[in-house]
Amino acid sequence: MTLTFHGAAQEVTGSAHLLTLDDGYKILMDCGLYQGRNQDMEDFNQTFPFDPAEIDVLLLSHAHIDHSGRVPKLVKDGFRGKIYATHATRSLCAILLLDSAYIQEKDAEYYNRKNDDRREPLYERRDVKPTMERFVGLPYDRWQELRPGVEVQFRDAGHILGSASVTLRVTENGKTTTIGFTGDVGRPNRPILRDPVKLPDCDYIISESTYGDREHELPPNELARFLRIIKNTVARGGKLLIPAFSVGRTQEIVYLLDQLESSGKLPRIAVFVDSPLAVNATTVFGAHPECYDSELQTYMLTDNNPFGFNDLTYTQSVEESKALNHLEGPAIIISASGMMNAGRSKHHLVNLMEDPRNTIFIVGYCAPGTPGGKLRDGVEGMRLYGQYHELRAEVVVMDSFSAHADRSELIFFLNGQQDTCRKVFLVHGTLDRMEAFGGSLRRAGFGEVVAPALGDVVGL
């Protein structure tokens, strides 16, 4: 059998890994959208390097768009197999893929207004329904036969609601080989979700490496620092913009604010979640308590709504969002997208970045070239919507909110595989972080650790 890396290879987006068995049976793990401004990747989302009609089955690790965002295009271009995912991932994909389709439509409309040549959207909202009809929901920790001699198991990855590692058990020519794909590994002891569950013993592992070169801030310092940032912004009379992904990060931040409010520590301040998608995603969170950790279940005995409190408002309409531009006094605005490359957070950035009273609070990874990535790199200003904007607001970066495991947490997740694993393939990370993490794994007792490039084919 062969393994081909069709995405997230020395990159952090566009996850897609193709396992081809000796008889030609093809299993695609993830089908993500490339997010970023790398000109070399301009055609990545437009064309598949394989024939979608030849893919027999798709396995989704989780619903984030960089892992699921090209699935409607895969179906549109000829894929007719089943899509296996956890039940919560299926629920989230139903809203995330519709939102993604809407963005594709609007991006194409904008491009066509500004240019002589025409651009078609990758897919449209009408393409999502036939896509969702191909989903098959699976529980965690149960082996599912895909066909005779091929089984899959999902285990809780603790990254976002419904996220999973993917383990394939393949029997060919009387020999059984186990391939593990970590998906995106979450962090232990984080709010809302259960801790990541380790993979079964594997012969080969495809491992993410997003934060494989660093350690995150510890949670006790995190909450205290978060409260300090809020108080400093309130003291200046400013607004705190928290660009956050609508799924996972937004609910975690709201839950932490709910805890601060319940304990009387949160200053009196208006809080807005300005993202229709986040509103819908929060509803999905409420429908899947099977994913909650014991701490949240206990908390809900005294607060049955951990995603809502008196000073919190969820805004849906464009008019409500625009009204926040004229809001008097301090406020917290949580808005998507997390990288500020699209959505309402990009508009809020334009409105808030030139006022020194305000704070831009970055709580997760931002791809290079995106507005968030530029802010992380320390730019003094940037062009947005055709106009240059000087940065006068304070920028605070705090990676401890990341839903990705750090170096020590990734090593802990993989530890115990040293005796069985023949090779580790690092994906979902920049090359410098992969190289650093590869060195850490070798020091931890792993043998061959490689960072495949896009399009690399490896025999297993």
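Throughout what follows, the structure given in this document is the object of discussion. All values derive from a computational prediction rather than experimental measurement.

Describing the sheet that holds strand β1 (residues 2–7)
The strands making up a sheet are joined through hydrogen bonds of the backbone, oriented either antiparallel or parallel.
Here is step 1: Within the open sheet, the seven strands sit side by side as β6-β5-β4-β3-β2-β1-β22. Their pairing is mixed. Across the chains shown, the open sheet's two edge strands, defined by having one partner strand only, are β6 (135–138) and β22 (457–459). The sheet shows a mean angle of 25 degrees between the axes of neighbouring strands, taken without regard to direction.
Here is step 2: This element, helix α3 (residues 87–114), spans β5 (82–86) and β6 of the sheet and lies at about 110 degrees to β5.

Remarks on the pairing of strand β12 (residues 239–243)
The side chains of a regular strand alternate between the sheet's two faces.
Here is step 1: Burial analysis of β12 places five of its five residues in the buried class, the great majority of the element.
Here is step 2: Note: β12 against strand β15 (residues 331–335), five bridges, orientation parallel. Looking across to β15, one finds that Leu241 is bridged to Ile333.
Here is step 3: In terms of strand pairing, β12 meets strand β16 (residues 359–362) through two bridges, oriented parallel. Directly across from Leu241, in β16, lies its bridge partner Ile360.

With respect to the sheet that holds β12
Here is step 1: The parallel open sheet is built from six strands, whose spatial order is β14-β13-β15-β12-β16-β19. The open sheet has two edge strands, β14 (312–315) and β19 (394–397), and neither has a second partner. This sheet shows a mean twist of 20 degrees between the axes of neighbouring strands, independent of strand direction.
Here is step 2: Where helix α10 (residues 343–352) meets the sheet, its contacts fall on β12, β13 (270–274), β14, β15 and β16, and the angle it forms with β12 comes to roughly 150 degrees.

Digging into the side chain of Thr131
Here is step 1: The residue Thr131 is located in helix α4 (residues 128–132) in this model.
Here is step 2: Separated by 2.8 Å, the side chain of Thr131 and the backbone oxygen of Asp127 make a polar contact.
Here is step 3: Leave out the neighbours within four places in its chain, and Thr131 touches Val71, Pro72, Val75, Ile83 and Leu97.

Quick look at empty space enclosed by the protein
Unoccupied space between atoms shows up once a probe the size of one water molecule is rolled over them.
Here is step 1: Enumeration according to the criterion identifies two cavities of 30 Å³ or more in this entry.
Here is step 2: Space inside the largest cavity adds up to approximately 150 Å³.
Here is step 3: Around the largest cavity, the lining comprises 16 residues; the ones closest to its centre are His159, Leu193, Gly248, Glu252 and Ala403.
Here is step 4: Tallied by class, residues from the lining of the largest cavity come to seven nonpolar, five polar and four charged.
Here is step 5: Considered as a void within the structure, the second largest cavity measures approximately 40 Å³ in volume.
Here is step 6: Lining the second largest cavity are Pro243, Ala244, Phe245, Arg249, Gly338, Ile362, Val363, Gly364 and Tyr365.

Thresholds applied
Residues numbered from 1 in each chain as written. Predicted model: local features only at pLDDT ≥ 70, side-chain atom pairs only at ≥ 80, totals over all residues. Heavy atoms only, no water. Pairing = 2+ DSSP bridges. Helix = DSSP H or I, 4+ residues; strand = E, 2+ residues; numbered from the N terminus. Axes fitted to C-alpha atoms, helices over the stretch in contact; angles between N-to-C directions. Contact = heavy atoms within 4.5 Å. Buried < 20%, exposed > 50% of the residue type's maximum accessible area, 1.4 Å probe, protein only. Polar contact = N/O pair within 3.5 Å; in protein donor to acceptor, adjacent residues only side chain to side chain. 1 Å grid on protein atoms, 1.4 Å probe; cavity = no way out; pocket = protein on both sides within 12 Å on 5 of 7 lines; lining within 4 Å. Points joined across faces, edges and corners; volume = space filled by probe spheres on them. Nonpolar A, V, L, I, M, F, W, Y, C, P; charged D, E, K, R; others polar.

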